[in-house]
Amino acid sequence: MAKHWVATTAGPPESWAFEEYVPAPPRQGEVTIRVRAAGVNPADAKHVAAARPGLEFPVAIGYEVSGELVAIGPGTRIGSGDAGVGDEVVAFRVRGGYATELTVPAATVFAKPTTLAHPEAANLLLVGTTAAEMLAVTGAAPGETILLHGASGAVGVSVLQQARLRDVRVIGTASPERFDEVRRFGGIPVAYGAGLAERVRALADGPVAAALDAVGTDEAVDVSLSLVADRRRIVTIANPSRASAEGFLAIAGSMPDSARFRDEVRSELLALAQNGDLVVPVAQTYPMAEAPEAHRLLATGHPGGKLALIPEG
């Protein structure tokens, strides 16, 4: 019997239930995946933390997985059409990824990069597409210097890698103990805290063309506004209220334009990973039954890399 995590009512991960269930057999345009790893993201918990219009419980948890095909719906093609039962795949923008097995639309499924293990592959696309959109909406161009808040976090590390491929110079905020991680992926580390704007100016030695905020603090917003002349080239994924008040960009996967962009860029990111140009540092894995424990570490804000849930057996 398959099992999955569901939120039966609004609340924190500790209130979720790990239940037995029967995945629906795949219809035309659908496939069933045996999950080998599920990516753990803050959005998984935020989505069900509070009641809101349009959110109906119970809600199956999890947006991205890596695993293998166990069934394919009649007349269904995946990608180029040559995928078959037993092939390794990733799926992104799914519902209910915290599961041992699930049935999803084939359009969400892609061949897993052979360069990535399942825990890495299960964490590639949510942060990767977010990072790609941040660079795209700010128009980061070759030769420019940009500021990245939260450079050693999961989204930040993906931004660093994608920016390096574009020949974009990145100054990235981090705690001093994470400076080596920023340098590893081509960034120039700078400590956050008092005097940040002055430190960034000294490192930039010229204009800061854009600012990307992955942390959402008022310091990050204030420094970005002080350094970047064009507010259309400032973006946040973590402080939409300041973006609305100050007239700069906020993006989120729930926004139609963001969702469209992130769907379109998936294949490009998978190709980068297959070529070895995009990696996913994984800090820790947990048994699937310990999802709340994984979220307790994630909630500290300092997991040291991505987390993944692994079904037993």
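Rules used in this analysis
Residues numbered from 1 in each chain as written. Predicted model: local features only at pLDDT ≥ 70, side-chain atom pairs only at ≥ 80, totals over all residues. Heavy atoms only, no water. Helix = DSSP H or I, 4+ residues; strand = E, 2+ residues; numbered from the N terminus. Buried < 20%, exposed > 50% of the residue type's maximum accessible area, 1.4 Å probe, protein only. Pairing = 2+ DSSP bridges. Contact = heavy atoms within 4.5 Å. Axes fitted to C-alpha atoms, helices over the stretch in contact; angles between N-to-C directions. Salt bridge = Lys/Arg side-chain N within 4 Å of Asp/Glu carboxyl O. Phe/Tyr/Trp six-rings, centres within 6.5 Å; stacked < 30°, edge-to-face > 60°. Polar contact = N/O pair within 3.5 Å; in protein donor to acceptor, adjacent residues only side chain to side chain. Core = buried A, V, L, I, M, F, W, Y, C linked by side-chain atoms within 4.5 Å. Parallel < 35°, antiparallel > 145°, perpendicular 65-115°, else oblique. Left-handed = near helix turned anticlockwise from the far one by under 90°.

Asker: Provide a residue-level description of unusual backbone geometry, including the pertinent values.
Answerer: With an omega of 5°, the peptide bond between F57 and P58 qualifies as cis. The residue P58 is located in the loop between helix 1 (42–46) and strand 4 (59–60) in this model. With a phi close to 65°, R93 is a non-glycine residue in the positive phi region. Take R93: it is sitting in the loop between strand 6 (88–92) and strand 7 (101–105). Judged by its relative accessible area of 32%, R93 falls in the partly exposed class.

Asker: Describe in detail the sheet that holds strand 12 (residues 210–213), supporting the description with residues and values.
Answerer: Pairing is parallel in the open sheet, where six strands are placed in the order 11-10-9-12-13-14. Since the sheet does not close on itself, it has two edges, and those belong to strand 11 (188–191) and strand 14 (249–250), each with one partner. As paired strands, strand 9 (residues 145–149) and strand 10 (residues 169–174) are joined by four bridges and run parallel to one another. What sits directly across from L148, in strand 10, is G172. Across the face of the sheet, helix 4 (residues 154–165) comes into contact with strand 9, strand 10 and strand 12 while running at roughly 165° to strand 9.

Asker: Help me get a handle on the pattern of salt bridges, residues and values and all.
Answerer: Tallied over the full model, the rule gives 19 salt bridges. Of the charged contacts in the structure, one is a salt bridge between R242 and D218, with a shortest N-O distance of 2.9 Å. Here the residue R242 occupies a position in helix 8 (residues 240–246), and D218 occupies one in helix 7 (residues 218–227), the gap between them amounting to 24 residues. Residue R242 is classed as buried on the basis of its relative accessible area of 15%.

Asker: So, the sheet that holds strand 1 (residues 2–7): which residues are in play, and what are the values?
Answerer: Pairing within the open sheet is antiparallel, and its three strands lie in the order 2-1-4. Both outer strands of the open sheet, strand 2 (17–21) and strand 4, are each paired with one neighbouring strand and no more. Pairing of strand 1 with strand 2 involves five bridges; the strand directions are antiparallel. What sits directly across from K3, in strand 2, is E20.

Asker: I'd like a description of the packing of aromatic side chains, backed by residues and values.
Answerer: Inspection of the entire model under this criterion finds two aromatic pairs. For the pair W5 and F18, a centre-to-centre distance of 4.9 Å together with 15° between the ring planes defines the contact as stacked. Of the two residues, W5 is situated in strand 1 and F18 in strand 2; the sequence distance between them amounts to 13 residues. Where W16 meets Y98, the ring centres are 6.1 Å apart and the plane angle is 65°; that geometry is what we call edge-to-face. Of this pair, W16 sits in the loop between strand 1 and strand 2 while Y98 sits in the loop between strand 6 and strand 7, and the two are 82 residues apart along the sequence.

Asker: An account of the environment of E290 is requested, with residue identities and associated values reported.
Answerer: Structurally, E290 is set in the loop between strand 15 (282–287) and helix 10 (291–299). What makes E290 partly exposed here is its relative accessible area of 32%. The spacing of E290 and A37 is 253 residues in sequence and 13 Å in space, taken between C-alpha atoms.

Asker: Account for the side chain of T145, naming residues and giving values.
Answerer: You can see T145 is positioned in strand 9. Separated by 3.1 Å, the side chains of T145 and R169 make a polar contact. For T145, the contacting residues outside a window of four places in its chain are R169, I171, A204, P207, V208, A209 and A210.

Asker: Describe the nonpolar core, with residues and values.
Answerer: Among the nonpolar cores identified, the biggest contains 34 residues, and W16, V31, I33, Y98, L102, V109 and L309 are the most heavily contacted of them. Once residues within four sequence positions are removed from consideration, W16 is found in contact with W5, V6, A7, G11, D44, A45, V48, I61, Y98 and H295. In this structure, A174, F179, L212 and V235 belong to the second largest nonpolar core, which totals 23 residues.

Asker: Lay out the packing of helix 3 (residues 125–137) against helix 4 in plain terms, naming residues and giving numbers.
Answerer: Here helix 3 crosses helix 4 at 55°, and the two axes come no closer than 8 Å. Considering the angle they form, helix 3 stands oblique to helix 4. Crossing of helix 3 over helix 4 shows right-handed handedness. Note on element contacts: helix 4 touches helix 3 through A154, V155, S158, V159, Q162 and A163, opposite V127, G128, T130, A131, A132, M134 and L135.

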